[in-house]
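# Fold and geometry: a report
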Amino acid sequence: MALYKVLATFQGWSNAMYVLDEVKDPRRTLKAAGILGLGSVGVLYVLVNAVFFIAATPKELSETGITVVALFIGRVFGGTMQRFTAILAAMSSLGNIMTASFSMSRVILGFAEGGLLPFSSFFALRTSSGSPSGAFVLVFLSSCLMIIAIPFGEAYNFLLDVGQWAMAVIQFFVVCGLFLIRKRLSYPAATFKVWTSVACVFLASQTFLAISPFIAPGDGQSRLPVWLTPLAATLIFCLGVIYWYTWWVVVPKLGGFVWEKGIVISDDGARAVHWRPVPKT
């Protein structure tokens, strides 16, 4: 379960994949940025954890009432610098929010352009520069809701775990889909391909993350059972199924029509799918 928190602290490892269509040479850039980005961050994470244990004992790290970063800065630079820890944490969070907003708004834009979301025409809106405006509004409002409505502590950690478990399940099926595509389709040798060994390791890691709540013992600190995490995420998945079945099956049957797919081209040349009801003949 601790891996959920660790993975949530650095979600940026996958953000670059969401915007590769805006990169000049995505294949070359991905190979270089993937190695340099993940490699440098991995080394820095190890070094940061090492200096934490040099500055304080494991007992002090677990029993302190302040964050580990604040404890480290206070030990090394003194109490005056420790007061600026909140500013440093805020700047770090700002960078994460900016990156997530940039990438996730494009994910929502992709779903909207495929006609898969309610009010797709709004979420598919772009600015004059091509940036997703409607999708960014959703990202901004959902972030504000999390900050204002969700109390920090057990409730926040629970929602964090729910999101990470759902992500593990989704990525599990993504890797399974990758193997199915490789089996059914053939691609030129020059096409970028992930190594099969890497895909297998990633599939094993997502499998572990998906089943861990069912085998993890209680940590004695949380009042919520660990199995509540996958249950809540599964209920959220079920809401998606209910929406799809209602909108694409029940509504057309009651209205006596079928959905017909069309393509709408905006002023800036962007293409989006538009579904319109057509009466049954």
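Residues numbered from 1 in each chain as written. Predicted model: local features only at pLDDT ≥ 70, side-chain atom pairs only at ≥ 80, totals over all residues. Heavy atoms only, no water.

In this structure, Tyr4, Phe158, Val162, Trp165, Ala166, Ala168, Val169, Leu209, Ala210, Ala232 and Ala233 together form the largest nonpolar core, which totals 11 residues. Put simply, the parts of the chain that give this core at least two residues each are helix H9 (154–184), helix H10 (196–215) and helix H11 (228–255). Among all residues touching Ala166, those that are not within four sequence positions of it are Ala233 and Phe237. In this structure, Ala112, Phe123, Ala124 and Val139 belong to the second largest nonpolar core, which totals seven residues. (Core = buried A, V, L, I, M, F, W, Y, C linked by side-chain atoms within 4.5 Å. Buried < 20%, exposed > 50% of the residue type's maximum accessible area, 1.4 Å probe, protein only. Helix = DSSP H or I, 4+ residues; strand = E, 2+ residues; numbered from the N terminus. Contact = heavy atoms within 4.5 Å.)

Over its 28 residues, H11 runs 38 Å from end to end, which matches the ideal 40 Å to within 8%, given 1.5 Å per residue. Of all the bends found along H11, the most pronounced is centred on Thr246 and spans about 35 degrees. Of the positions making up H11, those classed as buried are Thr229, Pro230, Ala232, Ala233, Trp248 and Pro252. Contact partners of the buried residues in H11: H9, H10, strand S1 (257–265) and strand S2 (271–279). Just beyond H11, the residue with positive phi is Gly256, at close to 65 degrees. (Expected span 1.5 Å × (residues − 1). Bend = angle between axes of the 7 residues up to and from the residue.)

The residues that UniProt annotates with the feature "transmembrane region" (unreviewed entry) are residues 33–55, 84–102, 134–153, 165–182, 194–215 and 227–251. For residues 33–55, the end-to-end C-alpha separation is 32 Å, with 100% helix and 0% strand making up the annotated structure. (UniProt positions renumbered as here; feature names shortened; annotations may be inferred.)

Here Leu30 shows up in helix H2 (residues 26–55). For Leu30, the contacting residues outside a window of four places in its chain are Met17, Leu20 and Phe192.

On the secondary structure map, Ser103 appears in helix H6 (residues 85–113). With relative accessibility at 1%, the residue Ser103 sits in the buried group. Contacts of Ser103, omitting those with residues within four sequence positions, involve Asn15, Tyr18 and Val19.

According to the stated counting rule, one finds four salt bridges in the structure shown. Close ionic contact of Arg28 with Asp25 constitutes a salt bridge, the shortest N to O distance being 3.8 Å. The closest approach of N and O atoms between Glu113 and Arg126, which form a salt bridge, is 2.8 Å. With Glu113 in helix H6 and Arg126 in the loop between helix H7 (120–123) and helix H8 (133–149), this residue pair connects regions lying 13 residues apart in the sequence. When its relative accessible area of 32% is taken as the criterion, Arg126 is described as partly exposed. (Salt bridge = Lys/Arg side-chain N within 4 Å of Asp/Glu carboxyl O.)

Further remarks concern the state of the cysteines. One pass over the full model with this rule turns up zero disulfides. The structure places no disulfide on Cys238, whose sulfur is separated from the nearest cysteine sulfur, that of Cys176, by 19 Å. Given a relative accessible area of 35%, Cys238 falls into the partly exposed group. (Disulfide = S-S within 2.5 Å.)

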